[in-house]
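# Secondary and tertiary structure notes
Each chain, written out:
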Amino acid sequence: VNDISTSELAHKYFDEYYPDEKLPLFTNPCDDDILMNLWNGNRSMCEIFPKFIIIGPQKTGTTALHNMLSQHPDLYPSKKNSLTYEELQFFSNETIYLNGITWYLNQFHTNEQSINFEKSATYFDSILAMKRIKALLPSVRLIIMLTEPGHRAYSRYQHEIARINQTINFDDLLKSNHDENSYYFHLKQRCLQPGHYAEHILKWLKYFPSKQIYIVDGEAFRHDPRTILNDMQISFLQLKNFINSSNLVRYNKKKGFFCSFSAKHNFQCLGNSKGRLYENMSSYSREYLNNYYLFHNQKLIKLLRYYNYSLPLWLIFSNPIKL
Ligand code: A3P
């Protein structure tokens, strides 16, 4: 030990033996008196931590759910920010996570009766997010939305091509075999990979018991969110102040979707980037995605049954033979 300097020792420890420990992992000071004394916060701040998080995945209706729940007078979403809008992405983004716990708490409202929540769709397929949420908020409730994964992939594709100048046909993107460093390789990944639902959910279930995870049929939610919003309030969030969701959302003909509604603000529908109008995917893409997701969907059926979740209708209809 005498022959080795502290920095060499640190180098050995972090680089050779425990590279996973290079990044900090914040635990909850509210659960530990020693940490509480070291932290420059105080006990009253403990109530500010979110009670539930919508963890994604992207393009499944997470913004609509976030908006609709925000209509409830007791539920307070995290504050909007200029970079990631209504998402905090604290647990999935390296730089944001390093802002620390006090920064995270400052993103929430401090009203005494409020039940804080956040939604960051980037958490769903992030192993770091799973570990970090478990470490900081072990009893938080999690909401996952699942739409038919081929439909989700196509929505993600539409989202990306609306943002960039280059364009690639969806059939060609699916057929493509670009090198790992190319933009199109990553685009294809972003479209397909989050739809491996069973794989990701299984990982969440290693960190959280199933009673802490609520799974929403995103297709049913898109057609009519009211039953889901009611059930979520009663059976999952167990809110004292139940508000019939018919008083929170209404169908808006112009938008073609349900939108948040209040007597004061009338309709508050999502912007043009949510609920885009685009052509149906080609029969080639549909078949490709049916085949691609067949195995993943079969795994999802088994997993949901094992944990006593009800199956989303789209899952039953897209896998009628092997049920
Ligand atoms: P499209 O724009 O491809 O139709 P997310 O917010 O998770 O990124 O999901 C976006 C998707 O939410 C939209 O995809 C849309 O289909 C779906 N969605 C579900 N309910 C909606 C609603 N009430 N208003 C707008 N979009 C909704």
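The structure this text deals with has already been given above.
Values in this document were obtained by computation on a predicted structure and should not be read as measured data.

Reading the values: rules and limits
Residues numbered from 1 in each chain as written. Predicted model: local features only at pLDDT ≥ 70, side-chain atom pairs only at ≥ 80, totals over all residues. Heavy atoms only, no water. Near = heavy atom within 4 Å. Polar contact = N/O pair within 3.5 Å; in protein donor to acceptor, adjacent residues only side chain to side chain. 1 Å grid on protein atoms, 1.4 Å probe; cavity = no way out; pocket = protein on both sides within 12 Å on 5 of 7 lines; lining within 4 Å. Sits in = over half its atoms within 2 Å of the grid points. Helix = DSSP H or I, 4+ residues; strand = E, 2+ residues; numbered from the N terminus. Nonpolar A, V, L, I, M, F, W, Y, C, P; charged D, E, K, R; others polar. Points joined across faces, edges and corners; volume = space filled by probe spheres on them. Buried < 20%, exposed > 50% of the residue type's maximum accessible area, 1.4 Å probe, protein only. Contact = heavy atoms within 4.5 Å. Axes fitted to C-alpha atoms, helices over the stretch in contact; angles between N-to-C directions. Disulfide = S-S within 2.5 Å.

## With respect to the site of the ligand
For the ligand, the set of nearby residues contains 17 residues, the closest of which are Thr 62, Thr 63, Ser 155, Phe 258 and Tyr 278. Within the side chain of Thr 63, a nitrogen or oxygen atom sits 2.4 Å from an oxygen atom of the ligand. Lys 274 is positioned such that a nitrogen or oxygen atom in its side chain is 2.9 Å from an oxygen atom of the ligand. Among the detected pockets, the ligand sits in the largest pocket. Sorting the residues of the shell around the ligand by element identifies helix H3 (62–69) and strand E7 (257–262) as the ones contributing at least two each. Considering only residue class, the shell around the ligand consists of six nonpolar, seven polar and four charged.

## Quick word on the layout of surface pockets
Approximately 1200 Å³ is the volume found for the largest pocket. When contributions to the lining of the largest pocket are tallied by element, the ones reaching two or more residues are H3, helix H7 (149–163), helix H11 (218–223) and E7. By residue number, the principal contributor to the lining of the largest pocket is H7, which donates nine residues. In terms of residue class, the lining of the largest pocket is made up of 16 nonpolar, 19 polar and 15 charged. Of the voids in this model, the second largest pocket is the one considered here, and its volume is about 550 Å³. Along the walls of the second largest pocket sit 22 residues, with Glu 47, Phe 49, Pro 50, Lys 51 and Ile 115 positioned nearest its centre. Classifying every residue of the lining of the second largest pocket by side-chain character gives 12 nonpolar, four polar and six charged.

## A word on the environment of Gly 100
Inspection of the secondary structure assignment puts Gly 100 in the loop between helix H4 (94–97) and helix H5 (101–106). For Gly 100, a relative accessible area of 9% translates into the label buried. For Gly 100 and Phe 90, which are 10 residues apart along the polypeptide, the C-alpha to C-alpha distance reads 8.9 Å. If we ignore the near neighbours within four places in the chain, the residues touching Gly 100 are Phe 26 and Phe 90.

## Topic: the packing of helix H10 (residues 197–207) against helix H13 (residues 283–306)
A pair of packed helices can be characterised by two numbers: the angle between their axes and the separation between those axes. Put simply, H10 and H13 touch, their axes get as near as 8 Å, and they point 35 degrees apart. Contact with H10, carried on its side by Tyr 197, Ala 198, Glu 199, Ile 201, Leu 202 and Leu 205, involves His 296, Lys 299, Leu 300 and Leu 303 of H13 and no other residues of that element. Its residues placed into classes, the contact of H10 with H13 shows seven nonpolar, one polar and two charged.

## Comments concerning unusual backbone geometry
Cis geometry is found at the peptide bond from Gly 56 to Pro 57, where omega equals -5 degrees. Of note in this structure, Gln 89 is not a glycine but carries a positive phi near 55 degrees. With respect to the helices, strands and loops of the structure, Gln 89 is situated in the loop between strand E2 (75–77) and H4. By relative accessible area, which is 16% here, Gln 89 ends up buried.

## Some thoughts on the state of the cysteines
Applying the stated rule across the entire model yields two disulfides. With a sulfur-sulfur separation of 2.1 Å, Cys 30 is cross-linked through a disulfide to Cys 46. The S-S bond linking Cys 30 to Cys 46 shows a torsion near -95 degrees; that makes this disulfide left-handed. One end of the pair, Cys 30, is in the loop between helix H1 (6–17) and helix H2 (33–38); the other, Cys 46, is in the loop between H2 and strand E1 (52–56), and 16 residues separate them in sequence. The pair formed by Cys 30 and Cys 46 is uniform in burial state, with each residue classed as buried. Across the disulfide, Cys 259 is cross-linked to Cys 269 (sulfur-sulfur distance 2.1 Å). Between Cys 259 and Cys 269 the disulfide shows an S-S torsion of about 100 degrees. By sign, it is right-handed. Residue Cys 259 is located in strand E7, and its partner Cys 269 is located in the loop between strand E8 (266–268) and H13; the two are separated by 10 residues in the primary sequence. Accessibility expressed as a relative area gives 31% for Cys 269, which makes it partly exposed.

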